[in-house]
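# Geometric and topological summary
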Amino acid sequence: MEKGMTGEIHELIECLAENHCLSEKEYARLIENRDEEAAALLAERAVEVRKSIYGSAVYTRGLIEISNICRNDCLYCGIRRSNTNVQRYRLSREDILACVREGYGLGFRTFVLQGGEDGFYSDEVLGDIVSLIKTEFPDCAVTLSMGERSLESYRFLHDAGADRYLLRHETADAIHYAKLHPPRMSFENRIRCLYHLKETGYQTGCGFMVGSPFQTAQTLAKDLKFVEEFHPDMCGIGPFIPHHDTPFGSMAAGTLELTLFLLSMIRLIYPQVLLPATTALGTIHPKGRELGILAGANVVMPNLSPTGVRKKYELYDNKICTGDESAQCRTCLDQRMRAIGYYLAVDRGDIKK
Ligand code: SAM
């Protein structure tokens, strides 16, 4: 039989709920000694605070996967450069605008343009797409998730109208980072990019995979400390899921249970943070996204990419929603959210500070 939560763990949770921070050691202790009871208390506190700020609204972002061409070779990622089995594609300006127009009609007011680090999207090309979207839909926010670029590039794209930028830090431990990435990628640059984004004026998102190879309670504690100190507007976390054509193809996936626990912790660290229940969470469990919301998340990111390319943006195996039309994705998620007492908002979904 499972041993009940100890007084110490209970105290750590209440301390986190009250003070929004713990020491790195305490974060690790909470993670290492969690049990079902602790997860339930943590989720209760997380949902209380989330409801007090965002009510029952769930913000949506229409995700447009604009290219699977990537110069990088991250060891975990299905679209890494070395994977020669990927059928590569990139969307044109017209393709992207068509996705945005469709999404607007469906109720999306934020569009996330995400892709591999594809040199085709120079500042001029990407800036042109961003400004066309902002001109046609001035009531919408544009989020970019196009990887590491220079400070000048981030400034240029911000001037073109981009409001937000997502760049997961992947891990806040430099040694762990080096085990997940090839030598030419650097932890220092990743973190520098995040500070550049913030300094440029973007609403900035960081994040990490849960259960990535070589992750420990100590590296997770560093991730949480980083979130606490960096204070991102968004924080994207989802389970690592292996992709068969990568060096980590036979590694175990991250778990639903730990992902939910960390979602609740992050909500308590930064009550206002925009926290998605990710597609990866929906992939490892049929009710993953609902459970994510019930653990304290407040954002979902339905896929708006053209159906024909969705399977090609395969970051990991068995990704969900690759066959659905965009309208189906939104309707399906709306029904799922209503079934648990929440609803999808037609709103830009800015952070409430
Ligand atoms: N190239 C951009 C970048 O580096 O930020 C955006 C695209 S990248 C594919 C988006 C995110 O996918 C990464 O930050 C990573 O955390 C996640 N990802 C990649 N491979 C994954 C996997 N096997 N399981 C879960 N998430 C994965």
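Before reading on, note that the structure itself is shown above.
Overview of the structure. Values in this document were obtained by computation on a predicted structure and should not be read as measured data. Every residue gets a number counted from 1 within its own chain, in the order that chain's sequence is written. Local features in a predicted model are, by the rule used here, given only for residues with pLDDT of at least 70; side-chain atom pairs are given and counted only at 80 or more, and totals for whole chains, interfaces and linings are based on all residues. Hydrogens and water are ignored here; the side-chain numbers use all heavy atoms of the structure.

On to the site of the ligand. It suffices for a single heavy atom of a residue to lie within 4 Å of a molecule or strand for the residue to be listed as near it. In the neighbourhood of the ligand, 17 residues make up the surrounding shell, with Tyr76, Gly115, Arg168, Glu170 and Ile241 lying closest. Polar contact criterion, stated in full: a pair of N or O atoms within 3.5 Å, where within protein one must be able to donate a hydrogen and the other to accept it, and residues adjacent in sequence count only if both atoms are side-chain atoms. At 2.7 Å, a backbone N or O of Ile241 approaches a nitrogen atom of the ligand. In terms of residue class, the shell around the ligand is built from 10 nonpolar, four polar and three charged. Charged means Asp, Glu, Lys or Arg here, nonpolar means Ala, Val, Leu, Ile, Met, Phe, Trp, Tyr, Cys or Pro, and polar covers whatever is left, Gly included.

Stacked, tilted and edge-to-face are the three classes applied to pairs of Phe, Tyr and Trp rings, where Trp contributes its six-membered ring and a pair requires centres within 6.5 Å; stacked means planes under 30 degrees apart, edge-to-face means over 60, and tilted covers the rest. Taken as a whole, this structure holds 10 aromatic pairs when the rule is applied. With a centroid separation of 5.6 Å and an interplanar angle of 85 degrees, the aromatic rings of Tyr54 and Tyr59 are classed as edge-to-face. Considered together, Tyr54 and Tyr59 belong to a single accessibility category, that of buried residues. Taken together, the ring pairs in this structure connect Tyr154, Tyr165 and Tyr202 into an aromatic cluster. The criterion is that NZ of a Lys, or CZ of an Arg, lies within 6 Å of the ring centre and within 35 degrees of the ring normal, and then a charge sits over that ring. The ring centre of Tyr104 lies 3.6 Å from the NZ or CZ of Arg109, which sits over that ring. Whether a residue is buried, partly exposed or exposed follows from its accessible area with a 1.4 Å probe, protein chains only, as a fraction of its type maximum: under 20%, in between, or over 50%, in that order.

With that settled, the discussion passes to the sheet that holds strand β8 (residues 299-300). Pairing between two strands requires that DSSP report at least two bridges joining them. Each helix corresponds to a stretch of at least 4 residues labelled H or I by DSSP, and each strand to a stretch of at least 2 residues labelled E; elements are numbered beginning at the N terminus. Here we have three strands laid out as an open sheet, ordered β8-β1-β9, and parallel in their pairing. Looking at the sheet topology across the chains shown, the edges are occupied by β8 and β9 (343-344). Pairing analysis gives two bridges linking strand β1 (residues 57-60) to β8, with the strands arranged parallel. Within β8, the position partnered with Thr60 by the bridge is Val300.

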